[in-house]
Each structure stands twice: as structure tokens, then as C-alpha cells.
Amino acid sequence: KSEAHFKRPLDRRAPTPTRTETMAYEALLFNSMAQILETMQQPNNEGRLAAEKAFSSWSKANPQECAKELLASVSGGSSEATRALAAVLLRRFTSAFREEEHWNEDAKRAFRAALWEAYSRVVRAQSTSSTTTRVGRQLAFAVASEAS
């Protein structure tokens with residue numbers, strides 16, 4: 001018999017994915033901004049990192065759509081913590097992306113108008129309740145960031 005007959009068979013099992021590959025896969029599992037925001041607040045590090053990666057990918061791939069979804073989350077998030085996180089990300093998002101080439105003047109104007117509208121809604125809601133104070137404060141920072 002030849003030597004080839006005595007060789008060990010090839011290991012056909014799939015290789016174990018790296019941590020980066022696992023996080024990239026998990027990032028694909030998010031269907032909405034609401035899911036990303038909810039997962040970013042969980043104590044599970046892997047889930048939180050996957051949500052942050054998903055947000056980062058989304059904000060780089062389609063910044064205007066990401067901003068639109070953040071604005072919607074500020075107004076209609078499931079909890080105050082989710083709305084406040086959306087406002088924080090929106091503030092950071094605006095300062096990082098407002099000068100990018102993805103934003104023409106019409107898009108900037110529309111975004112600023114939507115940001116001001118969201119801020120106005122939160123301020124009106126604050127006059128009847130103190131529960132939106134954190135959201136309002138973060139939106140005020142976002143408005144100021146856009147004004148500068």
C-alpha cells in the first residue's frame with residue numbers, strides 16, 4: 001500500500017470564527033435602530049459591542065438614513081433611556097458627519113429643521129412632565145452643535 005493510504009483524513013469541520021467575524025455577523029442581526037439602541041444598553045459586552053459595530057457601520061454607509069432613524073428614536077423610543085441614548089448618539093453623529101460630502105446643503109437644512117422640530121416636541125413635553133429632561137438636554141447640545 002502507498003503512503004497516502006495511511007495519511008490522516010482532512011479535518012472537514014468549519015474553522016472557529018474570530019471575535020471580529022462573530023461581531024460582524026451579530027451586527028447583521030439588527031433590524032432596526034430601536035434594536036441597536038436597546039442592545040447598546042444591555043450589560044452583555046458582546047451584544048453591546050455588536051450593536052456599536054452595527055451603528056458605526058450604518059452611520060458610515062448611510063449617514064442621512066441613520067440620522068433620520070435617530071431622530072425618530074428620540075421622539076418615539078420605547079423608554080426614556082433609549083430616547084436619551086438616541087439623543088447622545090445624534091449629538092455625536094451631527095458633529096462628526098455634518099461636514100461630510102454625503103450632506104449637501106438641502107440635506108443639511110432638512111436635518112437641522114428635523115432636529116429643531118424634535119427638540120421643540122421634547123421641550124413642549126417637558127413643560128408637562130420632568131421625565132424628558134435628559135433627552136431635552138442632549139437635544140439642546142445637538143442643536144447647539146449644529147448651530148456652531
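For the structure, see preceding data.
What comes next concerns the included structure.

Conventions used here
- Residues numbered from 1 in each chain as written.
- Predicted model: local features only at pLDDT ≥ 70, side-chain atom pairs only at ≥ 80, totals over all residues.
- Heavy atoms only, no water.
- Phe/Tyr/Trp six-rings, centres within 6.5 Å; stacked < 30°, edge-to-face > 60°.
- Helix = DSSP H or I, 4+ residues; strand = E, 2+ residues; numbered from the N terminus.
- Buried < 20%, exposed > 50% of the residue type's maximum accessible area, 1.4 Å probe, protein only.
- Axes fitted to C-alpha atoms, helices over the stretch in contact; angles between N-to-C directions.
- Parallel < 35°, antiparallel > 145°, perpendicular 65-115°, else oblique.
- Left-handed = near helix turned anticlockwise from the far one by under 90°.
- Contact = heavy atoms within 4.5 Å.
- Nonpolar A, V, L, I, M, F, W, Y, C, P; charged D, E, K, R; others polar.
- Core = buried A, V, L, I, M, F, W, Y, C linked by side-chain atoms within 4.5 Å.
- Polar contact = N/O pair within 3.5 Å; in protein donor to acceptor, adjacent residues only side chain to side chain.
- Salt bridge = Lys/Arg side-chain N within 4 Å of Asp/Glu carboxyl O.

## Focus on the packing of aromatic side chains
What the rule picks out here adds up to one aromatic pair. When the centroid spacing of 5.6 Å and the interplanar angle of 45 degrees are considered together, the rings of Trp116 and Tyr119 count as tilted. With Trp116 and Tyr119 both in helix 6 (residues 105–126), this residue pair falls three residues apart, about one helical turn. For Trp116, a relative accessible area of 48% translates into the label partly exposed.

## Some points on the packing of helix 6 against helix 7 (residues 133–147)
Packing of helix 6 against helix 7 brings their axes to within 9 Å, and their N-to-C directions diverge by 150 degrees. With respect to helix 7, the element helix 6 is oriented roughly antiparallel. Two packed elements cross with a definite hand, and for helix 6 against helix 7 that hand is left-handed. Between helix 6 and helix 7, the residues in contact are Phe111, Arg112, Leu115, Trp116, Ala118, Tyr119, Val122 and Gln126 and Thr133, Val135, Gly136, Leu139, Ala140, Ala142, Val143 and Glu146, respectively. Residues of the contact of helix 6 with helix 7, tallied by class, amount to 11 nonpolar, three polar and two charged.

## Digging into the nonpolar core
Within the largest apolar cluster, 30 residues are counted, with the highest numbers of intra-cluster contacts made by Leu70 and Leu139. Listed by contribution, the elements that provide at least two residues to this core are helix 2 (33–40), helix 3 (45–61), helix 4 (63–76), helix 5 (80–97), helix 6 and helix 7. For this core, the element with the most residues is helix 5, which contributes six residues. The contact partners of Leu139, leaving out residues within four places of it in the chain, are Val74, Ala87, Leu90, Leu115, Ala118, Tyr119 and Val122.

## Thoughts on the environment of Asn44
Examined against the element boundaries, Asn44 turns out to sit in the loop between helix 2 and helix 3. Given a relative accessible area of 39%, Asn44 falls into the partly exposed group. Side-chain polar atoms of Asn44 contact the backbone nitrogen of Glu46, separated by 3.0 Å.

## A short note on the pattern of salt bridges
It is possible for side chains bearing opposite charge to pair when their charged atoms get close. Summed over the entire model, instances satisfying the criterion amount to three salt bridges. Here Asp106 makes a salt bridge to Arg109, at a shortest N to O gap of 2.6 Å. Remark: Arg109 and Asp106 occur in helix 6; sequence separation between them is three residues, near one turn of the helix. Side by side, Asp106 and Arg109 carry an identical accessibility label, which is exposed. Between Arg121 and Glu117 there is a salt bridge, and its shortest N-O distance comes to 3.5 Å. With Arg121 and Glu117 both in helix 6 and four residues apart, this pair spans about one turn of that helix. Residue Arg121 is classed as partly exposed on the basis of its relative accessible area, which comes to 35%.

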